[in-house]
Amino acid sequence: SSRTMSLLSQLEKINSDSLAGEADNARYVTSKILHLVQSQEKTRKEMTSKGSTGIEVILSTLEVKHFNLCGYVYIASGGRRASVLVAKGGTQILLQLLLNVSKDSPPNEELMVLLHTLLAKIGPKDKKIGMKARINGALNISLNLVKQNLQNHRLILPCLQVLRVYSSNSVNAVSLGKNGVVELMFKIIGPFSKKNTSLMKVALDTLAALLKSKTNARRAVDRGYVHVLLTIYVDWHRHDSRHRYMLIRKGILQCIKSVTNIKLGRKAFIDANGMKILYNTSQECLAVRTLDPLVNTSSLIMRKCFPKNRLPLPTIKSAFHFQLPVIPANGPVAQLYSLPPEVDDVVDESDDNDDAEAESEIETENEDDKDQHFKNDDIETDINKLKPRQELGRPIEELKIYEQFFLELSENFQECDLVSKEPKPFRSDANLGGPIVVPTAGEE
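Each value, and the rule that gives it
- Residues numbered from 1 in each chain as written.
- Predicted model: local features only at pLDDT ≥ 70, side-chain atom pairs only at ≥ 80, totals over all residues.
- Heavy atoms only, no water.
- Helix = DSSP H or I, 4+ residues; strand = E, 2+ residues; numbered from the N terminus.
- Buried < 20%, exposed > 50% of the residue type's maximum accessible area, 1.4 Å probe, protein only.
- Polar contact = N/O pair within 3.5 Å; in protein donor to acceptor, adjacent residues only side chain to side chain.
- Contact = heavy atoms within 4.5 Å.
- Phe/Tyr/Trp six-rings, centres within 6.5 Å; stacked < 30°, edge-to-face > 60°.
- Patch = residues over 30% accessible without salt bridge, like charges linked within 9 Å, V, L, I, M, F, W, Y side chains within 5 Å.
- Areas by Shrake-Rupley, 256 points an atom, 1.4 Å probe, with all protein chains shown as cover.
- Salt bridge = Lys/Arg side-chain N within 4 Å of Asp/Glu carboxyl O.
- Expected span 1.5 Å × (residues − 1).
- Axes fitted to C-alpha atoms, helices over the stretch in contact; angles between N-to-C directions.
- Parallel < 35°, antiparallel > 145°, perpendicular 65-115°, else oblique.
- Nonpolar A, V, L, I, M, F, W, Y, C, P; charged D, E, K, R; others polar.

Going by an unreviewed UniProt entry, the chain carries the name CBPC1 carboxypeptidase and comes from Casuarius casuarius.

J.: I'd like a rundown of the overall build of the chain, residues and numbers included.
T.: A tally of helices and strands in the chain yields 25 helices and two strands. When burial is assessed residue by residue, the chain has 39% of its 444 residues classed as buried.

J.: Describe the side chain of Thr297, listing the residues and the values that go with them.
T.: Topologically, Thr297 is positioned in helix α20 (residues 292-305). Looking at Thr297, its side chain comes within polar contact range of the main-chain oxygen of Pro293, at 2.8 Å. Not counting the four nearest positions on each side in its chain, Thr297 is found in contact with Lys250, Leu253 and Gln254.

J.: Explain the packing of aromatic side chains to me, using residue names and the numbers behind them.
T.: Counted under the stated rule, the structure contains three aromatic pairs. The interplanar angle of 70° and the centroid separation of 4.6 Å between the aromatic rings of Phe192 and Trp236 together place this pair among those described as edge-to-face. One end of the pair, Phe192, is in the loop between α13 (181-189) and α14 (197-210); the other, Trp236, is in helix α16 (residues 225-239), and 44 residues separate them in sequence. Look at Trp236 and you get buried, because its relative accessible area is 0%. Relative to Tyr245, the ring of Trp236 has its centre 5.7 Å away and its plane inclined at 70°; by these criteria the two rings are edge-to-face. Pairwise contacts between aromatic rings join Phe192, Trp236 and Tyr245 into one cluster.

J.: Mind laying out the environment of Val146, listing which residues take part and the relevant values?
T.: Inspection of the secondary structure puts Val146 in helix α10 (residues 139-148). Sequence-wise, Val146 and Ile188 are 42 residues apart; in three dimensions their C-alpha atoms are separated by 9.9 Å. Here Val146 is in contact with Ile156, Cys159, Leu160, Leu163, Leu184 and Ile188, once residues within four sequence places are set aside.

J.: Please set out a nonpolar patch on the surface residue by residue, giving values where relevant.
T.: Residues Leu392, Ile396, Leu399, Ile401, Tyr402, Phe405, Phe406 and Leu409 make up a contiguous nonpolar surface patch of roughly 850 Å² in combined accessible area. Of note, Ile401 is situated in the loop between α25 (396-399) and β1 (426-427).

J.: Pulling in residues and values, what's your account of helix α17 (residues 246-259)?
T.: The end-to-end C-alpha distance of α17, which contains 14 residues, comes to 20 Å, matching closely the 20 Å that a straight helix rising 1.5 Å per residue would cover. Buried residues dominate α17, accounting for ten of its 14 residues. Every buried residue of α17 is accounted for by Met246, Ile248, Arg249, Gly251, Ile252, Leu253, Cys255, Ile256, Ser258 and Val259.

J.: Account for α14, with residues named and values stated.
T.: Compared with an ideal rise of 1.5 Å per residue, which puts 14 residues at 20 Å, α14 spans 20 Å between its outermost C-alpha atoms and is within 8% of the ideal. Summarising burial for α14: ten of the 14 residues are buried, a large majority. Regarding α14, the residues found buried are Leu199, Met200, Val202, Ala203, Leu204, Thr206, Leu207, Ala208, Ala209 and Leu210. Buried residues along α14 sit in contact with α11 (153-166), α12 (170-178), α13, α15 (214-222), α16 and α17.

J.: So what's going on with the packing of helix α18 (residues 263-271) against α20? Residues and values would help.
T.: Where α18 contacts α20, the axes come no closer than 10 Å and their chain directions differ by 105°. The angle between the axes of α18 and α20 places the two elements in the roughly perpendicular class. Seen from α18, the contacting residues are Arg266, Phe269 and Ile270; seen from α20, they are Ile301, Lys304 and Cys305. A per-class count over the contact of α18 with α20 returns four nonpolar, no polar and two charged.

J.: Hey, could you go over the pattern of salt bridges for me, with residue numbers and the actual values?
T.: Scanning the model with the defined rule gives nine salt bridges in all. Put simply, Arg154 and Glu109 hold a salt bridge, and the shortest N to O gap is 3.6 Å. With Arg154 in helix α11 and Glu109 in helix α8 (residues 109-122), this pair connects stretches of sequence that are 45 residues apart. Measuring nitrogen to oxygen at the nearest pair gives 3.1 Å for the salt bridge that ties Lys267 to Asp271. A residue pair is termed a helical-turn pair when its members lie 3 or 4 positions apart in one helix, as Lys267 and Asp271 do in helix α18 at four residues. You can call Lys267 exposed: its relative accessible area is 52%. A relative accessible area of 57% places Asp271 in the exposed class.

Encoded structure:
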């Protein structure tokens, strides 16, 4: 413990100095801290305990000199420790460091891998990381790294993990989609291959998050990617005979589910024979209990994409036939019933208000802090007023005639002599017609 505190004190002093020769000392001290953190669980807990300044010192080191990120990554690998880093402003420092490193030509690959690994770990703990990355200008750094290093799986894997975190923000998803991220994801997922399945899984999760944006979903439909997704799904379904890659198959279904949230996506799904494909694959998955998630997701997609019609249906698709009044020959109702059975005649507003999508998300971000302190004056907080009032169905005067049947509710039993030792006379059950019995002393 004293050794760790001594090293942290040295590091804090080095950070305050601006001498050129202090760089080597900083590297030496941070390497010692890394060794202690990696070898001793007690030291690791001490660094992130309440009241400890270890995280602040390491963050300031990153901000000023940014040495030895390995120790920083190791310290922040846990869930609670990641929350501590976010609370101390670690996200902003890492994004700024990422921006600084990206300016080097070429950028340090080892440093990029470590930075993205750490951002992927603490990103889910920071709800505003997407907005911070966009404001900081670090949004496209990860995307450009993936574009330039498609064959370097060691580098693009953490980059895709960071893009998956960024894509949870719809404004970022639209921005990334305009820069070609959707097309880039389809270059990575490709056909069935047992190589780099972890990369395939992360790419599918990222694509599913991106396609939740209507703009990106429409872009995917326009480029014919719905048919590509179905083809890839069938390919994995046929080759994965031992069902070891169920998560990848589910990831493909999640992408299809996201793109079919819009009407154009549902139409493309129908045109690509998606109903038959998912129905047949689901039938083959029914015998394996572990594949229930695939069957459930496929069922949701098919139910969502099946054409909807107004009742009553005068076609074979309806199990019931309802009689309607006389319908005018040229009215709108007659036009509906003259449509072919496969036509979806229900008004679908899923493709509307696309332009307001990004604006609404920006407004939500700007008002996050206000919403936390917002108090609704219309909400009643008085418990007495919230209690329901019980009203009698009949007046009290009419209910008094039932008093004689419930004497225990009106008699005052406190007047009874319960303390006296003298025996009191009592009468046996009136229904038995017995006499009054007065017990004498000594009788039970």
